[in-house]
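Working through the structure, step by step
Read off the chains here:
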Amino acid sequence: MNSITRRVLLACTLITVFAVGIAVGKNKFGQPKSIVHVVTVKWKADSTAEQRQKALDGVKTMATEMPGITNVWLKSEKSQGKDAAFVMEFKDAAAFKAYADHPAHKKWEGLYLPVREESATSDITN
């Protein structure tokens, strides 16, 4: 192997190592087409802790009965002046659209609406 070939191979190796180092150092993320339904809630003053918990637990029950809900979050770390927050992830726009009229949603509203003073909702997708 002549010196020019060695230099070219060395340069290619160094470039490859450098490129791999840059790629490894970057955060990787996705941009899914799912829809995230974020709800913050202020409970009614006369609602009980048990009623509130049943409403939040009802989100899990609804997710087991309704096709298209892929994930739920129920623990609120920070909820912008509200008492609680929960999140549901829908696999796609069709699942999210079906949510409003689904029997499991209507059943859950029977637990949730009587104890909810007000809520704010954000629906987020890519």
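To be clear, the structure that these remarks concern was listed above.
The structure reproduced in this document is the subject of the present report.

Conventions used here
- Residues numbered from 1 in each chain as written.
- Predicted model: local features only at pLDDT ≥ 70, side-chain atom pairs only at ≥ 80, totals over all residues.
- Heavy atoms only, no water.
- Pairing = 2+ DSSP bridges.
- Helix = DSSP H or I, 4+ residues; strand = E, 2+ residues; numbered from the N terminus.
- Axes fitted to C-alpha atoms, helices over the stretch in contact; angles between N-to-C directions.
- Contact = heavy atoms within 4.5 Å.
- Parallel < 35°, antiparallel > 145°, perpendicular 65-115°, else oblique.
- Nonpolar A, V, L, I, M, F, W, Y, C, P; charged D, E, K, R; others polar.
- Buried < 20%, exposed > 50% of the residue type's maximum accessible area, 1.4 Å probe, protein only.
- Arc of directions from axis to C-beta.

**Concerning the sheet that holds strand S1 (residues 35–43)**
- A sheet is described by the order of its strands in space; here four strands give the open sequence S2-S3-S1-S4, paired in antiparallel fashion. This sheet does not close on itself; its edge strands, each paired only once, are strand S2 (69–73) and strand S4 (116–124). Each neighbouring strand pair of the sheet contributes to a mean axis angle of 20°, computed without reference to strand direction.
- Examined bridge by bridge, S1 and S4 share eight bridges and lie antiparallel to one another. Across the sheet, residue Val-41 finds its bridge partner in S4, namely Ser-119.
- Lying on the sheet, helix H2 (residues 49–65) is in contact with S1, S2 and strand S3 (84–90); it crosses S2 at an angle near 160°.

**Notes on the packing of H2 against helix H4 (residues 103–112)**
- In the contact formed by H2 and H4, the axes pass within 9 Å of each other and the chain directions differ by 175°. Regarding the angle of H2 to H4, the classification is roughly antiparallel. Two secondary-structure elements touch here, H2 through Lys-54, Ala-55, Gly-58, Val-59, Met-62 and Glu-65 and H4 through Ala-104, His-105, Lys-107, Trp-108, Leu-111 and Tyr-112.
- Split into classes, the residues belonging to the contact of H2 with H4 amount to seven nonpolar, two polar and three charged.

**Remarks on H4**
- Along H4, the residues that are buried comprise Ala-104, His-105, Trp-108 and Tyr-112. An end-on view of H4 places all buried positions within 95° of arc, on one side of the element. Every exposed residue of H4 that faces more than 90 degrees away from the buried side is listed here: Pro-103, Lys-107 and Gly-110.
- If you follow the buried residues of H4, they end up packed against S1, H2, S3, helix H3 (93–99) and S4.

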